[in-house]
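The chain contents come next:
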Amino acid sequence: MPADFSQLKIALLESRSAAAAPVLERIGELGGECVLAPDADPAIVARLIEQGVDIVLFTASSQVADLFDSAGQTDSIDQLRDAFRRVLVTSAGPDITAALNQVGLAIDFEPDTPDGESLVDELVRIARDLITRKTLAADNGIDTLAWRRIDMRWDGFDRTIADSVFLKACRREPVPHTPVWIMRQAGRYQRAYREIREKTTMLGLCKTPELAAEVTLMAVERLGVDAAIIFADILLTLEPMGFDLEFVKGEGPVIRNPVRTASDVDRVLDGDVAALDYVCDALRLTRRALRPDIALIGFCGSPFTVATYMIEGGKSKNFRHTKTLMLTEPNAWHALMSKLVDLQVRYLNRQIDAGADALQVFGSWAGALGPEDYEQYVLPHLKMLIEGVGGRVPVINFATGNPILLPLLKRAGGDVIGLDWRVDLGEAWDALGDDVAVMGNMDPTVLYAPPEKIRQRVSVVLDQAAGRPGHIFNLGHGVSPDMSQANVAACVDAVHELSQSPGQTGSTITHE
Ligand code: CP3
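Residues numbered from 1 in each chain as written. Predicted model: local features only at pLDDT ≥ 70, side-chain atom pairs only at ≥ 80, totals over all residues. Heavy atoms only, no water.

Caption draft 1: Quick look at the site of the ligand. Surveying the vicinity of the ligand reveals 24 residues, the closest of which are Arg184, Arg188, Tyr193, Asp233 and His477. Take Asp233: an N or O atom from its side chain is 2.6 Å from a nitrogen atom of the ligand. Ser364 places a polar side-chain atom, nitrogen or oxygen, 2.7 Å from an oxygen atom of the ligand. In isolation the ligand exposes 880 Å². Once the protein is present, 88% of that is buried. Counting only elements with at least two residues in the shell around the ligand, the list comes to α9 (191-198) and β7 (252-255). (Near = heavy atom within 4 Å. Polar contact = N/O pair within 3.5 Å; in protein donor to acceptor, adjacent residues only side chain to side chain. Areas by Shrake-Rupley, 256 points an atom, 1.4 Å probe, with all protein chains shown as cover. Helix = DSSP H or I, 4+ residues; strand = E, 2+ residues; numbered from the N terminus.)

Quick look at the structure:
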């Protein structure tokens, strides 16, 4: 998809004001045909009603009132509102969005940075996707004047999950471009996420399937990634096991009743997996509304990573209590791991039943262990977990922190090994062997650098993958709350562009 507006007709409702000039210029640069409507000219109302416009840019609240006043003069308010069922309604910021909502219009796009120029720059990447989606939604009888992302239905869309570039890469099949998604792609670095999150707690968000699905879909829409990951958390499985979990602002997860002794472990519940059905409900809502050729990833934490929270009670630097229990009470350790894995196997299978097309196991703190302890205390449990999925969907086995563990990670299983940034992806893949796909592995902190630098570092990772089938691009770990959405988007675009075909982009990548 070209990131320009060519062949799109874009209405700007305030062409004479000083604020409009840079927006106008930017649309021109991006190849859009500008439909100008100085001072809410009645001609624009007619033009909208006859569907002569693809997108309307609202860059000031007054434009909303002016446009509807203008329609009122010719008695065509209802027709105007109806026209917006198929025309993209975009707003430069929250006040304008509120004004639009007041006249009965749901907005289709508001930029992360609320101003007119950002509206144009952020919209241009995804305008065609949004138009395709809205047109199909209207064709499918969805009330696009008052819709949420979860209302979308794709009947009549010409691609299916069999076309998923991400799933093809999981299976090491040839792909038209390298698929990309970003760990923690839905989160606080997005203004729209923060706005939803302000109204509830982290757990409240996870436990409201409509909101969790909305946030999941929003990240895919904004970034243009090839996979969605369900909005949830690896620590949710702690609750049915009897742990008292809370996410504390500025502190992260806190477990008020951690386990430290063998008798503590005895009191840990086996856990009723139905208590996690809210995640499955979110998966169902997301799968129904997600574009059919985009994969939906379910997930859980790896046994060691989750155990560190159960035992430490929160984040930890040296995992003192975890390692103490492991080394001094090995039977209690293995019992705890077995209880956890047993619940997680049931949980992952229910996620598949609910629509997960792939699964990821997050081994975020695995690197705290050396190979001997990892092999003895973690590997058998991780293997049980992955075997418990029974090959029903591809599994991504992700760990960070210690490249020495990679051969053990492979032994544990999984169709895809997730690499962090501390290894050269090409060398790691050579060592793992070509019977497994790999995911990774740009250093997340590269996203603090300007887009040209991001692009260059994306090309380094793509060069290391060297066009071998089975590479999924991701960061080596999650995106941070203080990163800019524009830079995350620049990373996604660079992956798609640079992996497309040789020659055009200067990349040496080739695909079969
Ligand atoms: O990737 C995604 O977009 C899906 C959502 C997701 C979250 N957590 C949302 C979240 C996923 C896949 C996770 C996994 C997770 N959770 C891991 C493994 C991956 C990793 O990043 O290492 C770990 C270790 C956790 C535990 C956890 N949850 C921590 C340490 C924190 C605090 C982080 C912080 O900066 O406050 C959380 C909370 C959490 N999970 C947030 C999000 C978006 C922040 C919630 C908020 O306050 O809005």
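Here the narrative resumes.
Caption draft 2: Broad picture of the confidence of the model for the chain. Scored by pLDDT, the chain comes out at a mean of 94, with 96% of its residues at no less than 70. With pLDDT under 50 throughout, residues 503-512 is counted as low confidence; its partners more than four residues away or in other chains account for 24 contacts. (pLDDT = per-residue confidence, 0-100. Contact = heavy atoms within 4.5 Å.)

Caption draft 3: The arrangement of the packing of aromatic side chains in detail. Taken as a whole, this structure holds seven aromatic pairs when the rule is applied. For the pair Trp154 and Phe157, a centre-to-centre distance of 4.9 Å together with 70° between the ring planes defines the contact as edge-to-face. The pair formed by Trp154 and Phe157 is uniform in burial state, with each residue classed as buried. Three or more aromatic residues link up through ring pairs in this structure, and these residues are Phe299, Phe362 and Phe398. Positioned above the aromatic ring of Trp421 is the side chain of Arg422, whose terminal nitrogen or guanidinium carbon lies 4.3 Å from the ring centre. (Phe/Tyr/Trp six-rings, centres within 6.5 Å; stacked < 30°, edge-to-face > 60°. Buried < 20%, exposed > 50% of the residue type's maximum accessible area, 1.4 Å probe, protein only. Lys NZ or Arg CZ within 6 Å of the ring centre and 35° of its normal.)

Caption draft 4: Structural context of the pattern of salt bridges. Under the definition given, this model contains 35 salt bridges. As a salt-bridge pair, Asp4 and Arg128 come within 3.7 Å of each other at their nearest N and O atoms. In this pair, Asp4 is assigned in the segment before β1 (9-12) and Arg128 in helix α7 (residues 127-139), connecting sequence segments 124 residues apart. Residue Asp4 is classed as partly exposed on the basis of its relative accessible area, which comes to 23%. The exposure class assigned to Arg128 is buried, which follows from its relative accessible area of 19%. (Salt bridge = Lys/Arg side-chain N within 4 Å of Asp/Glu carboxyl O.)

Caption draft 5: Structural context of the pairing of strand β3 (residues 55-58). Burial of the side chains of β3 extends over both faces: Ile55 and Leu57 are buried on one face and Val56 and Phe58 on the other. Across three bridges, β1 lies against β3 in parallel orientation. Paired with Ala11 across the bridge in β3 is Val56. (Pairing = 2+ DSSP bridges.)

Caption draft 6: Region of interest: the sheet that holds β1. Across the sheet, four strands lie side by side as β2-β1-β3-β4; this open sheet has parallel pairing. Among the strands making up the open sheet, the edge pair consists of β2 (33-36) and β4 (88-91). Adjacent strand axes in the sheet meet at a mean angle of 25°, parallel and antiparallel pairs treated alike. When β3 meets β4, the two strands line up parallel, connected through four bridges. Across the sheet, residue Leu57 finds its bridge partner in β4, namely Thr90. Against the sheet, helix α2 (residues 42-49) engages β1, β2 and β3, with an angle of about 130° to β2. Against the sheet, helix α5 (residues 94-102) touches β3 and β4, its axis set at about 140° to β4. (Axes fitted to C-alpha atoms, helices over the stretch in contact; angles between N-to-C directions.)

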